[in-house]
Amino acid sequence: MKPSSDGAIAEVAGYFRVLAEPTRLKILAALRGGPMSVGQVVEATAGTQANVSKHLQILLDAGMVSRRAQGTSAIYTIIDPLIFALCEQVCDTLAERLEAQAAERASRLRSAVR
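Residues numbered from 1 in each chain as written. Predicted model: local features only at pLDDT ≥ 70, side-chain atom pairs only at ≥ 80, totals over all residues. Heavy atoms only, no water.

Details of the nonpolar core
To be explicit about the condition: Grouping buried Ala, Val, Leu, Ile, Met, Phe, Trp, Tyr and Cys residues that are joined through side-chain atoms within 4.5 Å yields what is termed a nonpolar core. Burial status follows relative accessibility: with a 1.4 Å probe on protein chains alone, a residue under 20% of its type maximum counts as buried, one over 50% as exposed, and anything between as partly exposed. Only runs of H or I of at least four residues qualify as helices and only runs of E of at least two qualify as strands under DSSP, and these elements are numbered from the N terminus. Contacts were defined at the residue level, with two residues in contact if any of their heavy atoms lie within 4.5 Å.
Counting residues in each nonpolar core, the largest one holds 21 residues, and the members touching the most others are Leu 31 and Val 65. Within the residue set of this core, elements represented by two or more residues are helix 1 (6–19), helix 2 (22–31), helix 3 (38–45), helix 4 (49–61), strand 3 (73–78) and helix 5 (82–113). In this structure, Leu 31 is in contact with Met 36, Val 41, Leu 56, Val 65, Tyr 76 and Ile 78, ignoring residues within four places of it in sequence.

A few points about the packing of helix 2 against helix 3
Heads up, the condition is: For helices, the fitted axis covers only the stretch in contact; all axes are lines through C-alpha atoms, and the angles between them, taken along N-to-C directions, range from 0 to 180 degrees. In what follows, roughly perpendicular refers to angles from 65 to 115 degrees, roughly parallel to angles under 35, roughly antiparallel to angles over 145, and oblique to any angle outside these ranges. A crossing counts as left-handed when the near helix is turned anticlockwise from the far one by less than a right angle, and as right-handed when that turn is clockwise. Just so you know the grouping, Ala, Val, Leu, Ile, Met, Phe, Trp, Tyr, Cys and Pro go in nonpolar, Asp, Glu, Lys and Arg go in charged, and all remaining residues, Gly too, go in polar.
Running from amino to carboxyl end, helix 2 crosses helix 3 at an angle of 115°, the nearest separation of the two axes being 9 Å. The pairing of helix 2 with helix 3 is recorded here as roughly perpendicular in orientation. When the axes of helix 2 and helix 3 are compared, the crossing they make is right-handed. Every residue of helix 3 that contacts helix 2 at Lys 26, Ile 27, Ala 30 and Leu 31 is listed here: Val 41, Ala 44 and Thr 45. For the contact of helix 2 with helix 3, a count of residues per class yields five nonpolar, one polar and one charged.

Comments concerning the pattern of salt bridges
Note the cut-off: Salt bridges are defined by distance alone: a side-chain nitrogen of Lys or Arg within 4 Å of a carboxyl oxygen of Asp or Glu.
Here the structure, examined in full by the defined rule, presents two salt bridges. The salt bridge involving Arg 32 is made with Glu 88; its shortest N-O contact spans 2.4 Å. Taken as a pair, Arg 32 in the loop between helix 2 and strand 1 (36–37) and Glu 88 in helix 5 lie far apart in primary sequence, 56 residues in all. Residue classification places Glu 88 among the partly exposed residues on the basis of a relative accessible area of 38%. Here Glu 104 and Arg 108 are joined by a salt bridge, their closest N and O atoms 3.3 Å apart. Of the two residues, Glu 104 and Arg 108 are both situated in helix 5; the distance of four residues between them amounts to about one turn of the helix. Since its relative accessible area comes to 42%, Glu 104 is described here as partly exposed.

What to know about the packing of helix 3 against helix 4
With their axes 9 Å apart at the nearest point, helix 3 and helix 4 run at an angle of 110° to one another. In terms of axis orientation, helix 3 runs roughly perpendicular to helix 4. Seen from above, helix 3 lies across helix 4 with right-handed handedness. Facing helix 3, whose interface residues are Val 38, Val 41, Val 42 and Thr 45, helix 4 presents Gln 49, Val 52, Ser 53 and Leu 56. Of the residues belonging to the contact of helix 3 with helix 4, the class tally is five nonpolar, three polar and no charged.

Read these as layout, nothing more, since geometry by itself doesn't imply function.
Here it is, written out as structure tokens:
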């Protein structure tokens, strides 16, 4: 990990706190397909308008998404490409870990049956 100052470490921790909320991860996954209005994000995530709007504001404040007006709608777009690289790395690592755990359980089960 490169950050060495307390301020830099606090920034990194704040970034991960934003990503630590399942609703925000759902929103980011929905926005991966491209810009969406709040209503479209609500539909894609099966959330409520108020809850989705609150989480979109947090993502906006964190600099992960941008918002632009289009008529009476607010359109959100992901502006931080690091999000997907980070999420893919975490998902790949977790998938490998789960596969290894499943193989270990299967091996123990086979040993116990013998």
